[in-house]
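Observations on the three-dimensional arrangement
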Amino acid sequence: MPNELISESSPYLLQHAHNPVNWFPWGEKALQKAIDEDKPILVSIGYATCHWCHVMERESFEDEATAAVMNEHFINIKIDREERPDIDQIYMDAVQAMTGSGGWPLNVFLTPDKKPFYGGTYFPPKPVSNRASWMNVLLAVADAFKTKREELEQQADGMIKHLSQSNHFGLNTNNASFNQDDLKLACSNLLKQADKDWGGFGAAPKFPQTFSIQALLKFFLVFQNKDDHSTDENLSETALKQALLSLDKMIEGGLYDQLGGGFARYSTDREWLAPHFEKMLYDNALLIITLSEAYQITKQPQYKRVIEECIAFVERELMHPQFGFYAALDADSEGEEGKYYVWTFEEVQTILKEDAALFMDYFDVTKEGNWSESPGNKPAVNILRLLYPLTEIATKHNMSLDEAYQILQNARQKLLTFRGHRVRPSLDDKVILSWNALMNTALCKAYAATGNIRYKDLAAANMAFLLQTFKDQDHTLFHVWKQDQARYPAFLDDYAFIIQALLQLYRVSADKKYLQNAKMFCSTVIANFSAPDGYFYFTPEGQKDIVVRKKEVYDGATPSGNAVMAQNLLELSILFDQPDWFQMSEQMIMGTGELAIKYPTSFGVWLVGLFQLIISTKEIVLLGDYQDTLKELLSHPIPFSVVMAATNSDENYPLLKDKKSTHPLAIFVCENYACQKPVFSLMELFNQLS
């Protein structure tokens with residue numbers, strides 16, 4: 001007999017629709033039931049591609065005896081964190097405050113009025129080490145709710161107070177000032193946390209941390225040829241070296257799908273070998289953005305290849321027929337994490353025959369296997385990765401580089417075809433606005449870097465889909481779409497990321513409709529999300545089903561919506577000459593400046609904003625026959641600029657107003673609307689910019 005989740009569209013909720021637990025979706029029915037029956041609420045939060053969510057479901061939520069206890073003592077609510085990131089943020093912060101750690105599945109107990117008093121993440125079916133069993137937790141919480149109700153209510157009230165106060169933690173509302181020395185200090189602080197051997201930052205588990213890499217790339221662009229050369233190696237070169245090392249090692253490791261393209265969520269080890277195998281749309285979007293910026297600087301063919309392979313993966317496996325992008329692919333198949341992606345020595349030998357030796361040397365396939373975490377007595381398995389350059393492997397096998405490359409390409413295709421017959425990981429086929437907007441920005445950045453017009457066209461098609469399906473009649477937006485239905489009012493990240501995508505799409509297309517939409521949505525954010533301290537709440541004004549309105553300033557798996565909005569406001573203030581929007585941006589960036597300098601791995605997007613504020617923004621205007629020149633201009637790495645291109649002057653846009661040219665194309669470089677004399681070639685433009 002299915003429970004109340006059977007009517008939901010979320011793949012994660014539907015996974016639990018046949019559990020014996022009497023699950024409810026978050027909503028008025030369940031919340032009112034808790035009040036009417038005076039029962040504590042158990043909120044269990046996860047997502048469709050979460051490995052440990054699947055484990056806890058199998059061990060506990062599918063168990064009849066466990067379900068009976070849950071149904072007797074609690075109102076049980078399941079939440080897809082990707083559908084309701086606002087609720088997830090609130091209760092994740094609460095559990096982290098209670099326990100010092102967080103993660104998914106997130107299991108938190110609430111009073112009937114939605115206030116959290118106890119929680120944790122994964123609980124095993126039997127006690128393990130210092131971790132209580134799920135049944136013990138259920139019985140203890142149920143007993144405490146009956147016998148220590150007043151104490152629990154006081155704890156819950158204190159937690160709500162803490163969550164409200166944490167909105168202001170670390171923000172500096174005084175008039176701070178920063179200079180280029182502060183940027184160098186931030187870069188030094190970032191490099192202190194860098195892994196100089198394997199790239200990335202910190203110890204395992206290692207996440208891509210694309211925001212930190214982008215900050216290093218921006219630092220190189222700003223400070224190249226400006227450092228003190230009395231040191232052995234100047235800071236900007238060190239920054240570039242670490243950024244590229246990080247990208248190279250991720251590309252060479254098991255984090256990257258060496259056959260089908262696309263990056264997994266994170267690596268469980270320092271060397272990027274063994275990933276958590278789920279593939280998220282947003283991770284791939286952020287890595288495509290970063291690789292595109294790296295390719296603009298270096299023109300390294302490897303980065304272009306991976307950009308192309310990642311976009312091909314997204315189109316092949318994550319694209320809706322109407323040009324929206326699905327959320328994710330699961331880590332598990334047939335109940336095992338990574339089973340779809342790993343290989344035995346015998347499999348590779350059987351499939352590739354005479355080409356197997358070369359392939360196995362290049363991709364580190366051995367009889368012993370390279371993944372020590374492969375389960376129990378099963379055959380040793382290998383995660384494909386690159387440890388040696390192809391030139392070295394080709395020489396070892398007495399082949400030319402071209403011959404070895406062609407054999408490997410054919411071998412990859414054979415294995416990819418074979419893999420296609422395996423049981424595939426499940427697809428989370430909901431379409432999330434914020435993640436689609438990140439992918440849209442990625443396509444624009446990829447077009448700018450590579451000049452492949454398909455990427456610009458796909459970005460335009462995706463944006464048309466988003467504006468058609470996610471926009472309400474009053475020009476507000478929804479958060480998620482599935483089965484021809486958009487649901488839940490959009491959150492700050494949705495607005496911030498789509499404004500960013502519209503600005504990027506305008507930059508590469510010069511189509512002013514994108515600019516007008518960006519301005520409109522920015523006004524919506526200011527009207528509906530503004531907080532008294534100058535930042536923005538995560539949720540819109542008037543939302544009634546949450547216990548506190550949170551402000552998110554940290555960069556997490558995706559950028560901070562506040563950080564992206566600060567950059568949006570800065571850019572739009574220039575494009576539309578709105579000084580008040582510039583002041584809002586400046587106040588936000590300055591308010592997080594100290595945090596960004598001290599803790600750059602947690603505030604990478606803010607740090608790039610601080611760079612832009614200190615270095616200032618170039619205003620580049622192309623007037624006349626701009627198409628070919630714009631395409632070439634976009635391929636160059638210009639760290640902080642807005643670009644407007646038009647055939648004629650336009651009174652409605654300050655940067656285009658009163659500009660004329662007697663040449664087929666005139667290029668103006670301005671700063672604070674003060675323009676240099678027009679030039680008529682990109683070479684002259686770059687001389688002005690240098």
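What comes next is a walk through the structure. (Residues numbered from 1 in each chain as written. Predicted model: local features only at pLDDT ≥ 70, side-chain atom pairs only at ≥ 80, totals over all residues. Heavy atoms only, no water.)

Examining the packing of aromatic side chains
- One pass over the structure, following the stated rule, counts 29 aromatic pairs.
- Among the aromatic residues, those joined into a ring-pair cluster are W23, F61, F74, F109, Y118, F123 and W134.
- Lying over the aromatic face of W198, K249 brings its terminal NZ or CZ to 4.9 Å of the ring centre.
- The ring of F668 has K659 sitting right over it, with the charged end atom 5.6 Å from the ring centre. (Phe/Tyr/Trp six-rings, centres within 6.5 Å; stacked < 30°, edge-to-face > 60°. Lys NZ or Arg CZ within 6 Å of the ring centre and 35° of its normal.)

Here we look at the pattern of salt bridges
- Going through the model one piece at a time under the given rule, you end up with 38 salt bridges.
- Two residues, E252 and K249, come together in a salt bridge whose shortest N-O distance is 3.9 Å. Remark: K249 and E252 occur in helix α10 (residues 235-252); sequence separation between them is three residues, near one turn of the helix.
- Between R419 and D257 there is a salt bridge, with its nearest N and O atoms 2.9 Å apart. (Salt bridge = Lys/Arg side-chain N within 4 Å of Asp/Glu carboxyl O. Helix = DSSP H or I, 4+ residues; strand = E, 2+ residues; numbered from the N terminus.)

Quick look at the sheet that holds strand β9 (residues 328-329)
- Reading across the sheet, the three strands line up as β8-β9-β12 and stay open at both edges, with antiparallel pairing between neighbours. The open sheet is flanked by β8 (279-280) and β12 (427-428), the only strands paired with a single partner. (Pairing = 2+ DSSP bridges.)

A closer look at the side chain of K482
- One can find K482 in strand β14 (residues 478-482).
- From its side chain, K482 meets the backbone oxygen of S9 in a polar contact 3.0 Å long. (Polar contact = N/O pair within 3.5 Å; in protein donor to acceptor, adjacent residues only side chain to side chain.)

What about the state of the cysteines?
- One pass over the structure, following the stated rule, counts two disulfides.
- Linked covalently through their sulfurs, C50 and C53 form a disulfide whose S-S length is 2.3 Å. Here the S-S torsion is close to 80°, and the disulfide linking C50 with C53 is therefore right-handed. Neither C50 nor C53 differs from the other in exposure class; each is buried.
- The disulfide partner of C670 is C675, and the gap between their sulfur atoms is 2.0 Å. A torsion of 95° about the S-S bond marks the disulfide between C670 and C675 as right-handed. (Disulfide = S-S within 2.5 Å. Buried < 20%, exposed > 50% of the residue type's maximum accessible area, 1.4 Å probe, protein only.)

Remarks on the packing of helix α19 (residues 492-509) against helix α20 (residues 512-529)
- The interhelical angle for the contact between α19 and α20, taken along N-to-C directions, is 160°, at an axis separation of 8 Å. On the basis of their axis angle, the class for α19 and α20 is roughly antiparallel. In this structure, the crossing between α19 and α20 has a hand that is left-handed. Seen from α19, the contacting residues are L492, Y495, I498, I499, L502, L503, L505, Y506 and S509; seen from α20, they are K512, Y514, L515, N517, A518, F521, C522, T524, V525 and F529.
- Taken together, the residues of the contact of α19 with α20 sort by class into 15 nonpolar, three polar and one charged. (Axes fitted to C-alpha atoms, helices over the stretch in contact; angles between N-to-C directions. Parallel < 35°, antiparallel > 145°, perpendicular 65-115°, else oblique. Left-handed = near helix turned anticlockwise from the far one by under 90°. Contact = heavy atoms within 4.5 Å. Nonpolar A, V, L, I, M, F, W, Y, C, P; charged D, E, K, R; others polar.)

Some remarks on unusual backbone geometry
- At the junction of W104 and P105, the peptide bond is cis and its omega measures out at 5° in the coordinates.
- Looking at the element boundaries, P105 is found in the loop between α5 (85-99) and β4 (106-110).
- Of note, the bond from A204 into P205 is cis; its omega dihedral lies within 30 degrees of zero at -5°.
- For P205, the position within the fold is in the loop between α8 (180-192) and α9 (210-223).
- Despite not being glycine, D38 has its phi angle at roughly 50°, a positive value.

Topic: the environment of I667
- In this fold, I667 is placed in strand β18 (residues 665-671).
- Note on I667: relative accessible area 0%, which makes it buried.
- Along the primary structure I667 and P25 are separated by 642 residues, whereas in three dimensions their C-alpha atoms are 56 Å apart.
- The contacts of I667, once residues within four sequence positions are left out, are I620, V621, L622, T629, K677, P678, V679, S681, L682 and L685.

Here's the deal with the packing of helix α17 (residues 433-450) against α19
- Direction vectors running N to C along α17 and α19 enclose 20°, while the axes themselves pass 8 Å from each other. One finds that α17 runs roughly parallel with respect to α19. Crossing of α17 against α19: the hand is left-handed. Residues L433, S434, A437, L438, N440, T441, C444, K445, Y447 and A448 of α17 form the contact with α19, whose own contacting residues are D493, D494, F497, I498, Q500, A501, Q504, L505 and V508.
- Class assignment of the residues belonging to the contact of α17 with α19 gives a composition of eleven nonpolar, five polar and three charged.

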